[in-house]
Amino acid sequence: MAHIPDARFGTLAVHAGQTPDPSTGAIMTPIYQTSTYVQEAPDVHQGYDYARVGNPTRTALEGNLAALEGAEHGICFASGVAAIDAILKCLKPGDHIVSTDDLYGGTYRLMTQVYEPWGLDFTFANLSDPADVDAVFTDKTKLLWIETPTNPLLRVFDIAALAERARARGVTVVVDNTFASPYLQQPLALGADLVLHSTTKYLGGHSDVVGGAVLTSDDDWAERLRFLIKSAGAVPGPMDCFLLLRATKTLHLRLERHCDNAEAVASFLKDHPKVGHVRYPGFEDHPGHEVAAKQMRRFGGMVSFTLADDTIDTAVSFMQATRVFALAESLGGVESLVSHPASMTHGSIPADVRRKAGLPDSLIRLSVGVEDVEDILADLSQALDSITIAASPEAEVEAA
Ligand SMILES: *Cc1c(COP(=O)(O)O)cnc(C)c1O
């Protein structure tokens, strides 16, 4: 982009990483659908030699995402879990990782079913009180892995306070910023070393692409991750990079509407007689509200809740009755989605581990889209009208 001094978020979202195509003036970065690049002489080329190592559409996306997180370097991957995998591959057997006990199911599965057997050691702890992290750090701890707000319980962790404690011990801090997006939260400015995204979610925003990214200003980590993407090859294709470049141009606009709509949904549900407990960081009585207000611009587009009888059957009836909200995994797209974490996104976490972490089997998760709020609220209202709340909740819970 032309140098725009002190460009703000929306300006960076539209322009960062991109320059008009030098050969045609095309304002949009082309989809460089190529596997290789012609060289003038052996190893004399224009910066690209083979498309696993680099592709101009990917380079533009990496520059854009890095700018949005205030990072020096961006490394894009074929999926969010490929990005997580690359970070974990930088560790060695015997290394210890501390993470939170409310984690994206796929991250938990990768950590416990792929990397634990390879000799990495994990501790999953409730880090709501940052001081508690000191008790779980060991001499072998190399990484602190934070997700905030968490999926699906919407717990909030204090990034700055945790990062300070980790850095005092030389522990690298990774923040999975997928739920907040860089528009709402910028972990590097709060002391994190690496920010990770499933770009499949808010950054992509249109439910049409799977991708991942790591953003960092740490030169060593960037070099290691670039070496890994070259060596292990979990690269995103140029078409996917193009779709993401198009999507991030409206990130700030979409997020404002997601947040407006989620705020309205959370208040509507809170006052509804058929609804049990609503989790939304924007509520003043949410345990993480103060920290969220401090480290986030707004409170995000996700709302989780239980119904008044707290049974799986009623929750399933509700999820099948919505019309604007589609029953589907994933989040962060323009479409409103409803999901059942215990059987969908978090099905790979054993039931006892889920319950211990406080994830009720009856929990319903909403990714509130950018449709008209009146239609969203009317849909929730008709779906709630259509269900019958069981009379004896305790008996139902026992049976479940
Ligand atoms: C979806 C998700 C991931 C995994 O990303 P994929 O793009 O699906 O591989 C990681 N973390 C969080 C918080 C997610 O929601």
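Just so you know, these numbers come straight off a predicted model, no measurement behind them. (Residues numbered from 1 in each chain as written. Predicted model: local features only at pLDDT ≥ 70, side-chain atom pairs only at ≥ 80, totals over all residues. Heavy atoms only, no water.)

Here we take up the site of the ligand. Neighbouring the ligand are 14 residues; V81, D176, S198, T200 and K201 lie closest to it. Interatomic distance of 2.9 Å between a backbone N/O atom of V81 and an oxygen atom of the ligand. Measuring from an oxygen atom of the ligand, one finds a side-chain N or O atom of K201 at 2.8 Å. Here the ligand loses 92% of its free accessible area of 380 Å² to cover by the protein chains. (Near = heavy atom within 4 Å. Polar contact = N/O pair within 3.5 Å; in protein donor to acceptor, adjacent residues only side chain to side chain. Areas by Shrake-Rupley, 256 points an atom, 1.4 Å probe, with all protein chains shown as cover.)

Glancing now at unusual backbone geometry. Residue P149 follows T148 across a cis peptide bond; omega there is -10°. Relative to the helices and strands, P149 resides in the loop between β4 (141–147) and α6 (159–168). The backbone phi angle of D6 is positive, close to 55°, even though this residue is not glycine. Within the secondary structure, D6 is located in the segment before α1 (9–15). (Helix = DSSP H or I, 4+ residues; strand = E, 2+ residues; numbered from the N terminus.)

With that settled, the discussion passes to the sheet that holds strand β9 (residues 302–307). One open sheet accounts for five strands, arranged β8-β9-β12-β11-β10; its pairing is mixed. Here the strands that pair on one side only, and so sit at the sheet edges, are β8 (275–279) and β10 (326–327). Here β10 runs beside strand β11 (residues 337–339); their pairing, made up of two bridges, is parallel. Across the sheet, residue L327 finds its bridge partner in β11, namely V338. Docked against the sheet, helix α10 (residues 251–270) engages β8, β9 and β12 (364–367), running at close to 15° with respect to β9. (Pairing = 2+ DSSP bridges. Contact = heavy atoms within 4.5 Å. Axes fitted to C-alpha atoms, helices over the stretch in contact; angles between N-to-C directions.)

Okay, empty space enclosed by the protein next. Applying the stated criterion across every chain yields a total of one cavity of 30 Å³ or more. P149, L154, F179, A180, P281, M296, F299, G300, G301 and M302 together form the lining of the largest cavity. Class assignment for the residues of the lining of the largest cavity results in eight nonpolar, two polar and no charged. For the lining of the largest cavity, the two domains that each supply at least three residues are domain 1 (9–248) and domain 2 (251–396). (1 Å grid on protein atoms, 1.4 Å probe; cavity = no way out; pocket = protein on both sides within 12 Å on 5 of 7 lines; lining within 4 Å. Points joined across faces, edges and corners; volume = space filled by probe spheres on them. Nonpolar A, V, L, I, M, F, W, Y, C, P; charged D, E, K, R; others polar. Domains from an automatic or database assignment.)

To continue, consider the environment of S267. Summarising the element assignment, S267 is placed in helix α10. Looking at S267, the relative accessible area reads 36%, which means it is partly exposed. Residues S267 and L245, 22 residues apart in the sequence, show an inter-C-alpha distance of 34 Å. (Buried < 20%, exposed > 50% of the residue type's maximum accessible area, 1.4 Å probe, protein only.)

Bringing the confidence of the model for the protein into the picture now. With 97% of its residues at a pLDDT of 70 or more, the protein shows a mean pLDDT of 94. Note on residues 395–400: pLDDT under 50 across the span, and four contacts to partners over four residues away in sequence or across chains. (pLDDT = per-residue confidence, 0-100.)

This part is about the side chain of T29. Looking at the secondary structure, you find T29 in the loop between α1 and α2 (56–68). The residues touching T29, leaving out its near neighbours within four places in the chain, are Q18, P56, T57, A60, F242 and L245.

Scanning the entire structure with this criterion turns up eight aromatic pairs. Taking 6.5 Å as the distance between ring centres and 70° as the angle between the ring planes, the aromatic pair formed by Y280 and F299 counts as edge-to-face. Placement of the pair is Y280 in the loop between β8 and α11 (289–295) and F299 in the loop between α11 and β9, with a sequence separation of 19 residues. Between K201 and the ring centre of Y104, over which it is positioned, the NZ or CZ distance is 5.1 Å. (Phe/Tyr/Trp six-rings, centres within 6.5 Å; stacked < 30°, edge-to-face > 60°. Lys NZ or Arg CZ within 6 Å of the ring centre and 35° of its normal.)

Here we come to helix α14 (residues 373–386). Its 14 residues place the ends of α14 20 Å apart at the C-alpha level, agreeing with the 20 Å of an ideal helix rising 1.5 Å per residue. Looking at α14, one finds that the buried residues are I376, D379, L380, A383 and L384. Buried residues in α14, looked at end-on, bunch into an arc of 130°, giving them a common side. Exposed positions of α14 whose direction lies more than 90 degrees from the buried face are E374 and D385. Where α14 is buried, its residues meet α10, β8, β9, α12 (312–321) and β12. (Expected span 1.5 Å × (residues − 1). Arc of directions from axis to C-beta.)

The next thing to look at is the nonpolar core. In this structure, L127, V133, L144 and L251 are the most contacted members of the largest nonpolar core, which totals 54 residues. Of the residues forming this core, the biggest block, five residues, is contributed by α2. Looking at which domains feed residues into this core, each of domain 1 (9–248) and domain 2 (251–396) supplies at least three. Every residue in contact with L144, bar those within four places of it in the chain, is listed here: V98, L127, V133, F137, L162, A166, V171, T172, V173 and V174. The next biggest cluster of nonpolar side chains, apart from the first, holds 30 residues, and it includes L88, F122, L194 and A222. (Core = buried A, V, L, I, M, F, W, Y, C linked by side-chain atoms within 4.5 Å.)

To continue, consider the sheet that holds strand β6 (residues 194–198). In spatial order, the strands read β1-β7-β6-β5-β4-β2-β3; together these seven strands make up an open sheet with mixed pairing. Both outer strands of the open sheet, β1 (73–77) and β3 (121–125), are each paired with one neighbouring strand and no more. Between one strand and the next, the sheet's axes are offset by a mean angle of 20°, whatever the strand orientation. Against the sheet, helix α8 (residues 219–232) touches β1, β4, β5 (172–176), β6 and β7 (212–216), its axis set at about 25° to β1.

Further remarks concern the UniProt feature "modified residue: N6-(pyridoxal phosphate)lysine" (unreviewed entry) in the protein. According to UniProt, the feature "modified residue: N6-(pyridoxal phosphate)lysine" (unreviewed entry) maps to K201 in the numbering used here. The residue K201 is located in the loop between β6 and β7 in this model. Using a relative accessible area of 10% as the deciding quantity, one classes K201 as buried. (UniProt positions renumbered as here; feature names shortened; annotations may be inferred.)

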